[in-house]
Amino acid sequence: AFVALAVTERVMADDAAFGVALSHVWPSPFAEAAVEVTRRAVSALGITEGPSSTQLRLSSGGPEVIGVAARLGGGHEAELIEAVTGIGLNELALSAALGDAPVPGTVARTPGHRPGGAVTRFLLAPPGVLESVEVPQGMSGVAAVRVYRQPGHLFESAGRAADPAGA
């Protein structure tokens, strides 16, 4: 059975960095329409087991499918979904691959209070050489910080999805 665990809104960088995500935001105000379009797309492709990730674009006619993949989403989406639902998507995907997929609503690893919103924010650096990295500690509301680059890395203008400095 198709179960939509989360619909996030992807905020994109300006035209100069086309395709570079700035953030994934939950909840999305477009979730209801997106779930139905996604359900139809996944069904049309015959994806009946395991995870799927669908990217949609909103047009004047509503949500339109850009792509569907029979895999977990990228960009720390599994971490974001676990933060908002308590469900470990990596474990669900492994279970599905081994033929022992539990029902998603029964596998919350961290039951209890859920946040009213969450975001994965990608960090874009200006062009230049990275001199040092300082990771702030104990910031209220920050679950994790990911640094993708080490001192000495040469940043150019962001132009592709793999260019962020961290999240």
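Our structure's up above, just so we're on the same page.
Conventions used here
Residues numbered from 1 in each chain as written. Predicted model: local features only at pLDDT ≥ 70, side-chain atom pairs only at ≥ 80, totals over all residues. Heavy atoms only, no water. Helix = DSSP H or I, 4+ residues; strand = E, 2+ residues; numbered from the N terminus. Buried < 20%, exposed > 50% of the residue type's maximum accessible area, 1.4 Å probe, protein only. Contact = heavy atoms within 4.5 Å. Areas by Shrake-Rupley, 256 points an atom, 1.4 Å probe, with all protein chains shown as cover. Lys, Arg positive; Asp, Glu negative; His and termini not counted. Charge placed at Lys NZ, Arg CZ, Asp CG, Glu CD. Core = buried A, V, L, I, M, F, W, Y, C linked by side-chain atoms within 4.5 Å. Arc of directions from axis to C-beta. Salt bridge = Lys/Arg side-chain N within 4 Å of Asp/Glu carboxyl O. Pairing = 2+ DSSP bridges. Axes fitted to C-alpha atoms, helices over the stretch in contact; angles between N-to-C directions.

Things to note about the overall build of the chain
A tally of regular secondary structure across the chain gives three helices and seven strands. The linear arrangement of helices and strands in the chain, starting from the amino end, is β-β-α-β-β-α-α-β-β-β. Expressed along its principal axes, the backbone C-alpha trace of the chain runs to roughly 50 × 40 × 30 Å. In the chain, which comprises 167 residues, the proportion classed as buried is 27%. Considering only contacts in the chain between residues 6 or more positions apart, those separated by 24 or more positions represent 49%. Carbon together with sulfur atoms contributes 55% to the accessible area of the chain, which is approximately 10,600 Å² in total. The positive charge centre, built from 11 side chains, and the negative charge centre, built from 16, are 2 Å apart in the chain.

Observations concerning the nonpolar core
Ala78, Ile81, Ile87, Leu89 and Leu92 form the largest nonpolar core, which has five residues in total. Where this core is concerned, the elements lending two or more residues are helix 2 (77-85) and helix 3 (89-97). If we ignore the near neighbours within four places in the chain, the residues touching Leu89 are Leu5, Leu72, Ala78 and Ile81.

Considering helix 3
Residues separated by three or four positions in an α-helix point in the same direction, a consequence of the helix having 3.6 residues per turn. For helix 3, the set of buried residues is Leu89, Leu92, Ala93, Ser95 and Ala96. The buried side chains of helix 3 occupy one side of the element, clustering within an arc of 160° when seen end-on. Exposed residues pointing more than 90 degrees away from the buried face of helix 3 are listed as Leu94 and Ala97. Looking at the buried residues of helix 3, the elements they touch are helix 2. In the segment just after helix 3, Gly99 is the residue with positive phi, at about 80°.

Quick notes on the pattern of salt bridges
By the definition in use, this model includes five salt bridges. For Glu77, the salt bridge is made with Arg10, and the minimal N-O distance between the two is 3.5 Å. Linking Glu77 in helix 2 with Arg10 in strand 1 (residues 9-12), this pair joins segments that are 67 residues apart in sequence. Between Glu36 and Arg39 there is a salt bridge, with its nearest N and O atoms 3.4 Å apart. Placement of the pair is Glu36 and Arg39 together in helix 1 (residues 31-44), with a separation of three residues, close to one helical turn. Using a relative accessible area of 34% as the deciding quantity, one classes Arg39 as partly exposed.

What to know about the sheet that holds strand 5 (residues 118-121)
Pairing within the open sheet is antiparallel, and its three strands lie in the order 1-2-5. Because the sheet does not close on itself, it has two edges, and the strands there are strand 1 and strand 5. Taken over all neighbouring pairs, the strand axes of this sheet differ in orientation by 20° on average, direction set aside. Pairing of strand 2 (residues 21-26) with strand 5 involves four bridges; the strand directions are antiparallel. The residue of strand 5 that forms the bridge with Val25 is Val119.

Regarding the pairing of strand 3 (residues 53-59)
Where strand 3 lies against strand 4 (residues 62-69), seven bridges are found, and the strand directions are antiparallel. In the sheet register, Ser59 faces strand 4, and the bridge partner there is Gly62. Joining the antiparallel neighbours strand 3 and strand 4 is a turn of two residues.

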